[in-house]
Structure formats: C-alpha cells, structure tokens
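# Survey of secondary and tertiary structure
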Amino acid sequence: AAMIPGVLPFAGETYTLSVVSTTLISIGIFVGFVLIVASTRFLPALPLLVGGILVATGGVVTHSVLERRLDGGEESATAVLEIEQIVPRHEVLGFRFVPDAYDPAVPASQQLSYALFYQWALDSYSFRADFGVDDVGPYVFAPVNDPLFVAAGSPILWRDPFSEMVLWYEIG
C-alpha cells in the first residue's frame, strides 16, 4: 500500500489493507459498472462518462495524498541524504533481506521497496545484497530487529524516520 498513493488514505496508520474487503469492493464496483452498461443497451457515452469520473476521482485522491505527504515524499528523500554524512563515498552499501520467518519489523515484500528507494536516493554509492557471511559491509541496511545484527551487538548508525529500516555498522 505504501507504493500506491491513491490507496494510502484507506490503509490507516499500519499501512495495511484487508484483501477480502478490497476484493469484494472491487468486484461490487465492477458488477455495478457492468449492470449500468448492460441496462443502457451499450450506450457508448455512459461508459466513457463513468470511466472519466473514476479517473478524475483517482487523480483528486492521489493529488490529495501527495500534497499531505502521506508517502514520506521529499522528507523521506532528505532523510536518506543524511547517510552521505555518515558513510564515506567509496564504501559499498549492503542491503540484507530478512525473511518473514524471522518476523522482521519490515515485511520482506516492503524491504525490496526500501532497497530500491535507497539506491535511487543514494545514486553515488554502490549497493550489494548482504547474505550474512561478511561478503558486504560494514554498512548494511536491514530491519531494526534483524536477528544477525542484534545478536552481534552491531550499532545502528541511522534510522529511517518513516519506517523500521536502519543502517547498521556490521561488527566482525
């Protein structure tokens, strides 16, 4: 949901949506649209009108969300730039993906989104995946409760103000 601005107002503070209710609402809208089109004997102007209203409504909602910066927006990109003060330019930044089986603070599906965002915002750095065998480091992005870094007592150098992602300094 965090990647779809038009959905954010409905996601609540946890940024989660009920798959069942979203699917039922979508099916209801689709069936309603089909019934309207069928009852008008395929009047060509009505589907265009309804489609136009839906697109316009989606545009207004998306604009509203972006204007209120519910997705972090510019503030999130500015926060990531703080890393340039922490990590020397020649260093490779790692990204450790923690499987859902370890109950990470950030679900595995969202970790990829953050990895892509950090690569985009920090385009002057090289990035590599960290598989936990000291192949990348010492600067590694991972969820705040990554069991590998927590067990090693690794310090946190930076915390994303919009998520539970952090930049760890990998020890030994």
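Attention in this report is confined to the structure presented alongside it. Quick caveat, the model's predicted, so the values are computed rather than measured.

With a phi close to 55 degrees, Asp-103 is a non-glycine residue in the positive phi region. The residue Asp-103 is located in the loop between strand E1 (92-95) and helix H6 (108-121) in this model.

This brings us to the nonpolar core. Formed by 19 residues in total, the largest nonpolar core has its most connected members in Ile-83, Leu-93, Tyr-118, Leu-122, Phe-141, Trp-158 and Leu-167. Elements represented by at least two residues in this core include exactly helix H4 (73-80), E1, H6, strand E3 (139-143) and strand E5 (165-169). The element best represented in this core is H6, accounting for four residues. Setting aside residues no more than four positions away along its own chain, Trp-158 makes contact with Ala-79, Val-80, Glu-82, Ile-83, Ile-86, Tyr-118, Phe-141, Val-166 and Leu-167. Residues Val-140, Val-144, Val-166 and Trp-168 belong to the second largest nonpolar core, which totals six residues.

With that settled, the discussion passes to H6. Given 3.6 residues per turn, any residue in an α-helix points the same way as the ones three and four places further on. For H6, with 14 residues, the first-to-last C-alpha span of 20 Å sits near the 20 Å given by 1.5 Å per residue. Looking only at H6, the buried set comprises Gln-111, Tyr-114, Ala-115, Tyr-118 and Ala-121. The buried residues of H6 all sit within an arc of 135 degrees when viewed along its axis, so they share a single face. Exposed and facing more than 90 degrees away from the buried side of H6 are Ser-109 and Trp-120.

About the criteria used
Residues numbered from 1 in each chain as written. Predicted model: local features only at pLDDT ≥ 70, side-chain atom pairs only at ≥ 80, totals over all residues. Heavy atoms only, no water. Helix = DSSP H or I, 4+ residues; strand = E, 2+ residues; numbered from the N terminus. Core = buried A, V, L, I, M, F, W, Y, C linked by side-chain atoms within 4.5 Å. Buried < 20%, exposed > 50% of the residue type's maximum accessible area, 1.4 Å probe, protein only. Contact = heavy atoms within 4.5 Å. Expected span 1.5 Å × (residues − 1). Arc of directions from axis to C-beta.

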